[in-house]
Amino acid sequence: MDTVTINVNGKSYAVPAKPDRPLLGILRDELDLTGTKYGCGEGQCGSCTVLVDGQPRKSCMLRLGSVQGQAITTIEGLSQDEALHPVQKAFLEADALQCGYCTPGMILTGVALLKENPNPTREEIIDAMQGNICRCGTYNRIVTAIQTAAGMEVK
Amino acid sequence: MNRPDTLMAPIQAHPTDSSAVGSMDRRRFFSLLGGGICFAVLVGTPGSQAADAALRFAAGKRNPPQVGAWIHIGENGLVTIYTGKVELGQNIRTSLAQAVAEELPLALDSIHLVMGDTWLTPYDVGTFGSLTTLQMSPQLRRAAAAARQLLMELAAKEWGVNPATLEAKEGQIVHPTSNRRIAYADLAKGKEWLEEIPAETSMKHPQTWTVSGKSIPKIGGEAFVTGRHRYASDLKLPGMLYGVILRPPTFGAKLRSVNTEAAKALLGVVVVRDGDLIGVCAPTEFAAREALDSIQAEWEPVPHPSDQELVEILRKTGVDREEMVQQDGELQTALSQAKTQHTASYTAAYIAHTPLEPRSALAVWEEGVVTVWTGTQRPFGVQEELMRALELPYEKVRVMIPDTGSGYGGKHTGETAIEAARLAKGAGCPVNVRWTRQEEFTWAYCRPAGVFDLRAGLSEDGKVIAWDFHGYNIGTAGIRHTYDFPNQEIKHHRSDSPLRQGSYRCLGATTNNFARESFIDELAHLAKMDPLAFRLHNTSNKRYRACLQAAAERFGWGTWKATPERSYGMAGGFEKNGYNVTCVEITIEPDTGKIEVVRVVMAFDNGPVVNPAHMENQIEGMVSMGLGGALFEEIRFQDGKITNARLSRYRVPRFRDMPAVECVLMNPQDEPLAGGGENPIISIAPAIGNAVFLATGKRLRHMPLKLTV
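Just so you know, these numbers come straight off a predicted model, no measurement behind them. Note on numbering: residues in each chain are counted from 1, in written sequence order. Note on labels: chains are lettered from A, ligands numbered from 1, in written order. Residues qualify for local features only when their pLDDT is at least 70, as the model is predicted, and side-chain atom pairs are given and counted only at 80 or more; totals for whole chains, interfaces and linings, by contrast, use all residues.

**Focus: the overall build of chain B**
Working step 1: Helix and strand labels come from DSSP, where a helix needs a run of H or I of at least four residues and a strand needs a run of E of at least two; each type is numbered from the N terminus. Across its full length, chain B carries 18 helices and 31 strands.
Working step 2: The quantity called the radius of gyration is restricted to C-alpha atoms. Its globule counterpart is 2.2 Å times the number of residues to the power 0.38. For chain B, the C-alpha radius of gyration of 28 Å lies close to 27 Å, the compact-globule estimate for 709 residues.
Working step 3: Buried residues in chain B amount to 55% of all 709 residues. Residues are called buried when their C-beta atom has 20 or more other C-beta atoms within 10 Å, exposed when it has 12 or fewer, and partly exposed otherwise; all C-beta atoms are positioned from the backbone.

**So, the overall build of chain A**
Working step 1: Secondary structure assignment for chain A yields five helices and five strands.
Working step 2: Here the C-alpha radius of gyration of chain A, 15 Å, is about what a compact globule of 155 residues would show, namely 15 Å.
Working step 3: Overall, chain A is about 55 × 30 × 25 Å in size when its C-alpha atoms are taken along their principal axes.
Working step 4: By the burial criterion, 59% of the 155 residues in chain A qualify as buried.

**Some remarks on the interface of chain B and chain A**
Working step 1: Between chain B and chain A, the contact holds 48 residues from the first and 42 residues from the second.
Working step 2: Every element with two or more residues in the side of chain B that touches chain A is listed here: α6 (221-225), α8 (285-293) and α17 (612-632) of chain B.
Working step 3: The element contributing the most residues to the side of chain B that touches chain A is α17(B), with eight residues.
Working step 4: Of the residues belonging to the side of chain B that touches chain A, the class tally is 18 nonpolar, 18 polar and 12 charged. Each residue is represented by a C-beta atom placed from its backbone, and any two residues with such atoms within 7 Å are regarded as in contact. When residues are grouped by polarity, Ala, Val, Leu, Ile, Met, Phe, Trp, Tyr, Cys and Pro land in nonpolar, Asp, Glu, Lys and Arg in charged, and all others, Gly among them, in polar.

**A short note on helix α14 (residues 509-526) of chain B**
Residue and element names in this part refer to chain B.
Working step 1: Each residue after the first adds 1.5 Å to the expected span of a helix. Along its 18 residues, α14 runs 25 Å from first to last C-alpha, staying within 8% of the 26 Å computed at 1.5 Å per residue.
Working step 2: Where burial is concerned, most of α14 is hidden: 15 out of the 18 residues are buried.
Working step 3: One or two positions beyond α14, positive phi appears at K528, with a value near 55 degrees.

**Side note on the confidence of the model for chain B**
Residue and element names in this part refer to chain B.
Working step 1: Across chain B, the average pLDDT comes to 91, with 93% of residues at 70 or higher.
Working step 2: Here residues 1-24 is modelled with pLDDT under 50, and outside its nearest four sequence neighbours on either side it reaches 36 contacts, counting other chains as well.
Working step 3: pLDDT is defined as a per-residue confidence score from the predictor, taking values between 0 and 100. The low-confidence segment residues 44-48, where pLDDT is below 50, has seven contacts with residues more than four positions distant or belonging to other chains.
Working step 4: Reported confidence for the predicted complex is 0.97 by ipTM and 0.93 by pTM.

**A short note on the sheet that holds strand β18 (residues 369-374) of chain B**
All names here are of chain B.
Working step 1: Read across the sheet, seven strands follow the order β11-β12-β9-β20-β17-β18-β19 without closing on themselves; strand pairing throughout is mixed. Bordering the open sheet on either side are β11 (270-274) and β19 (397-400), each of which pairs with just one other strand. Here the strands of the sheet are splayed against their neighbours by 25 degrees on average, with no regard to which way each runs.
Working step 2: Lines fitted to C-alpha atoms define the axes here, with helix axes fitted over just the stretch in contact, and angles between the N-to-C directions of these axes take values from 0 to 180 degrees. Lying over the sheet, helix α11 (residues 379-390) contacts β18 and β19, oriented at roughly 145 degrees with respect to β19. Strands qualify as paired when DSSP identifies two bridges or more between them.

**Re helix α3 (residues 92-103) of chain B**
Residue pairs three or four apart in sequence face the same way in an α-helix, which turns once every 3.6 residues.
Residues and elements named next belong to chain B.
Working step 1: In this model α3 runs 17 Å from its N-terminal to its C-terminal C-alpha over 12 residues, within 8% of the 16 Å that 1.5 Å per residue would give.
Working step 2: Counting buried residues in α3 gives 12 out of 12 residues, a clear majority hidden from the surface.
Working step 3: Of all the residues in α3, the buried ones are I92, R93, T94, S95, L96, A97, Q98, A99, V100, A101, E102 and E103.
Working step 4: Buried-residue contacts for α3 involve β2 (67-74), β3 (79-83), β4 (111-115), α4 (131-159) and α17.

**Some words on the nonpolar core**
All names here are of chain B.
Working step 1: For this analysis, nonpolar core means a set of buried Ala, Val, Leu, Ile, Met, Phe, Trp, Tyr and Cys residues linked through C-beta atoms within 7 Å. I71, V100 and I688 are the most contacted members of the largest nonpolar core, which totals 261 residues.
Working step 2: Ranked by residues supplied to this core, first place goes to α4 with 12 residues.
Working step 3: Setting aside chain neighbours within four positions, we find V100 in contact with I71, V79, I81, I111, L140 and A144.

**With respect to the environment of B:N538**
Residues and elements named next belong to chain B.
Working step 1: The topology assignment puts N538 in the loop between α15 (531-537) and α16 (542-555).
Working step 2: For N538, a count of 23 C-beta atoms within 10 Å translates into the label buried.
Working step 3: Separated by 53 residues in the primary sequence, N538 and F485 have C-alpha atoms spaced 7.5 Å apart.

**Section: the pairing of strand β20 (residues 431-434) of chain B**
All names here are of chain B.
Working step 1: Residues V431 and V433 of β20 are buried on one face, and the alternating residues N432 and R434, pointing to the opposite face, are buried as well.
Working step 2: Pairing analysis gives three bridges linking strand β9 (residues 241-245) to β20, with the strands arranged parallel. Following the sheet pairing, L241 is matched in β20 by V431.
Working step 3: Pairing of strand β17 (residues 360-366) with β20, which is carried by four bridges, proceeds in the antiparallel orientation. In the strand pairing of β20, S360 is matched with R434.

**What to know about the sheet that holds strand β30 (residues 660-665) of chain B**
Residues and elements named next belong to chain B.
Working step 1: The sheet built from four strands is open, its strands ordered β25-β26-β27-β30 with mixed pairing. Strand pairing shows two members of the sheet lacking a second neighbour, β25 (566-575) and β30, which therefore form its edges. Each strand axis lies, on average, 15 degrees off the axis of its neighbour in the sheet, ignoring direction.
Working step 2: Running at roughly 130 degrees to β30, α17 makes contact with β27 (595-605) and β30 of the sheet.

**Here's the deal with unusual backbone geometry**
Residues and elements named next belong to chain B.
Working step 1: A cis geometry characterises the amide bond from L104 onward to P105, with omega recorded as -25 degrees.
Working step 2: Its place among the elements puts P105 in the loop between α3 and β4.
Working step 3: With an omega of 5 degrees, the peptide bond between M703 and P704 qualifies as cis.
Working step 4: The topology assignment puts P704 in the segment after β31 (702-703).
Working step 5: Non-glycine residue N667 carries a positive phi angle of around 50 degrees.
Working step 6: With respect to the helices and strands, the residue N667 is situated in the loop between β30 and α18 (684-696).

**What to know about the packing of helix α3 (residues 103-116) of chain A against helix α5 (residues 139-149) of chain A**
All names here are of chain A.
Working step 1: Two elements in contact, α3 and α5, have axes whose closest approach is 11 Å; the angle formed by their N-to-C orientations is 40 degrees. Considering the angle they form, α3 stands oblique to α5. Classified by chirality, the crossing of α5 by α3 is right-handed. Where α3 approaches α5, its residues M106, G110, L113 and L114 are matched on the opposing element by I142, I146 and A149. Roughly parallel refers to an angle under 35 degrees, roughly antiparallel to one over 145, roughly perpendicular to one between 65 and 115, and oblique to any angle outside these ranges. Left-handed describes a crossing in which the near helix is turned anticlockwise from the far one by less than a right angle; the clockwise case is right-handed.

**Focus on the packing of α14(B) against α18(B)**
Residues and elements named next belong to chain B.
Working step 1: Packing of α14 against α18 leaves a shortest axis separation of 8 Å and a crossing angle of 30 degrees. The pairing of α14 with α18 is recorded here as roughly parallel in orientation. Relative to α18, α14 is oriented so that their crossing is right-handed. Along the contact surface, α14 presents N513, F514, E517, S518 and D521, while α18 presents A685, P686, G689, N690 and F693.
Working step 2: Residues that form the contact of α14 with α18 fall into these classes: four nonpolar, four polar and two charged.

**Describing the environment of B:A164**
Residue and element names in this part refer to chain B.
Working step 1: By the secondary structure assignment, A164 is in the loop between α4 and β5 (167-169).
Working step 2: When the 7 C-beta atoms within 10 Å are taken as the criterion, A164 is described as exposed.
Working step 3: Remark: the alpha-carbon pair of A164 and R494, spanning 330 residues in sequence, is separated by 59 Å.

**Some remarks on the pairing of strand β12 (residues 277-282) of chain B**
Residue and element names in this part refer to chain B.
Working step 1: The buried fraction of β12 amounts to five of the six residues, a majority that puts the element mostly inside the structure.
Working step 2: Sheet topology note: the β11/β12 ladder contains five bridges and is antiparallel. In the strand pairing of β12, V271 is matched with V280.
Working step 3: Hairpin connection from β11 to β12: two residues lie between these consecutive antiparallel strands, with G275 at a positive phi of about 65 degrees.

See below:
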């Protein structure tokens with residue numbers, strides 16, 4: 001059996017699995033990092049979004065072998081020392097969730113956006129988030145949450 | 001790997017020997033709930049026996065349906081509500097806690113809800129139909145008020161004072177004149193009291209609410225933003241395998257032959273065959289699907305119609321199966337007297353609920369008892385499905401519902417629960433079954449498709465004097481209305497549905513209302529009246545009129561002129577004891593006919609609002625979901641297959657589709673409470689269609705609405 005070493009949330013894991021397996025199943029089933037969700041398996045919904053070297057990536061479309069040596073961050077690795085990340089706090093404040101299933105993917109996509117562009121316009125937020133689906137329809141609140149997290153004045 | 005916390009609940013607490021009922025006493029009941037004071041929250045006939053219910057409950061027997069919930073004041077100060085309702089994102093964990101915190105009163109974080117556990121919570125028909133706020137919330141509120149009265153009486157007795165001189169606040173009974181105070185926990189200490197709610201219990205008027213009616217953030221929200229919350233699809237048990245099912249390639253295909261040898265030879269793979277169910281279990285889902293792919297199966301297809309034939313099938317099979325839903329006056333006479341007659345037919349496609357968490361279930365067998373964690377809106381319904389499928393008595397099936405990744409009426413059934421239980425039995429270990437998105441699109445159920453034939457007669461002065469409505473296949477939700485039509489026949493036809501169909505958010509009201517409110521718009525134009533004026537002219541319903549006026553005012557109705565590229569429309573709706581009126585502003589791309597909704601104003605009256613922020617959140621959600629059904633969503637099928645069973649082929653609303661949403665919460669304080677998670681969805685599609693007509697003169701009579709240029 002092959003072993004692939006990956007770095008997730010600052011920890012190194014030697015995963016006994018074929019390098020062509022999708023990262024999503026490895027995270028959820030092997031590493032028990034179940035905050036990353038399955039929604040479609042074809043990169044359409046963004047529920048499985050993780051950060052790879054800071055970039056938002058759909059983990060259902062990533063092969064295990066392709067992320068060796070890169071820093072993977074899942075929702076479990078976002079808050080440090082029990083303190084919530086500003087984007088997490090903003091989601092709670094803006095009530096930007098209902099069932100919460102899309103929330104980890106939304107938050108990580110938002111975190112990546114703010115790192116790249118600390119003061120995004122509403123349009124830029126929508127552009128960055130367009131690949132994530134919230135079936136409960138909290139889209140406007142998610143935009144507000146990301147604006148709040150950016151410290152922008154919310155219109 | 002973590003054992004789910006929920007498993008720590010007392011699985012062995014119920015005796016499985018039903019003959020033990022007679023020897024049960026309240027001790028066993030309180031050994032389950034902990035000492036303290038427990039109120040039985042009664043539904044239906046008052047005077048039913050709380051004690052009997054508790055005994056049956058303690059014995060592991062199903063309680064009589066009169067007990068809807070338990071509310072338990074523990075010796076530790078924690079108040080626990082046991083309800084069979086479940087949380088799927090509609091935030092009733094929060095709103096129900098608010099209701100109890102209001103009446104008892106105490107801090108929200110001292111209230112804990114045990115929800116949807118068939119062994120710990122009383123029987124509940126299911127979380128649907130906007131019933132939680134309509135029924136469960138007032139029942140819990142009354143129970144909490146009764147608990148407050150009892151605690152005050154206890155404190156009064158202890159201090160030798162008049163109960164009327166006492167106050168209850170923040171988990172304590174207080175005697176202001178002597179500054180004495182005692183915690184609810186201390187009053188509950190050492191008691192094992194089971195109480196029924198006295199008839200004379202008085203509750204606070206909504207105008208005096210301080211916790212209810214306020215925008216409290218989602219209780220437990222932190223578990224969701226950190227990814228810590230475990231949905232059914234996230235649960236694991238030691239030794240658990242992942243199970244996948246061999247499915248026919250087309251609807252109804254019969255298995256002719258199967259060879260599972262290659263799968264069986266794979267390391268760690270267990271093939272289970274149980275009657276017509278063939279499944280594969282493996283330590284990872286990936287390995288299970290690889291093994292499934294190695295199975296060679298031959299199937300005998302059966303003929304299945306395509307979506308091209310749908311309208312014809314629904315008409316043909318439904319034409320003779322007609323039921324009268326409502327009849328007033330003399331329809332035929334009124335039609336013959338009408339100045340203008342008008343007829344039109346509408347259609348609506350099947351659509352998929354597409355909950356972001358596909359169906360999933362984890363099942364484990366222990367000493368003949370099967371425990372299943374799954375995401376469903378009907379925990380007790382799924383328990384019954386399991387009892388039938390596995391031929392087990394009530395006592396041997398436990399269903400627990402972790403807060404679920406949404407449902408929208410699409411998760412009333414227990415497909416994965418049964419599959420997981422059968423595979424776990426065959427494999428001899430816990431099994432988790434999680435459907436793929438394609439399975440969810442193919443093997444779950446759709447919102448029914450519909451066909452509608454409408455006919456109306458108008459009088460000289462623009463009144464609808466005759467109304468003739470035929471709906472096919474869609475059901476009767478939203479088929480009635482709030483207009484003053486003196487002569488009418490409203491009929492529903494039961495058709496044979498080519499696809500599996502079931503409940504939906506506000507059921508068929510989404511399409512019955514589309515047909516009606518679009519047709520009303522047609523009539524308004526025929527009568528040469530403004531659609532707002534026409535509606536006001538034809539209804540005397542106070543609450544509906546108030547919504548019409550409020551929505552129009554906020555929207556700025558009639559203050560600007562529609563063009564072929566920018567337009568506006570209106571529709572109203574009455575269902576689930578609530579009223580709404582929606583005004584939309586749309587743009588139309590002249591080259592492509594692409595319709596975009598840029599602004600929605602919704603006036604909504606569902607009685608006193610329990611949590612305004614969550615109510616607005618729900619309305620925004622229904623604008624989004626309503627938009628999907630209005631503009632994009634349509635299940636296509638051919639040759640026994642769903643041809644767009646993927647999110648890349650089934651378009652749901654995304655960020656860019658979302659309009660600005662303004663809610664006008666009517667919030668009448670003297671009307672009864674009503675649910676809010678369904679009604680507002682029903683007027684989105686007709687409002688958009690009406691706006692398209694105003695812009696282009698084209699009447700779109702099929703959902704989803706497509707404008708071809």
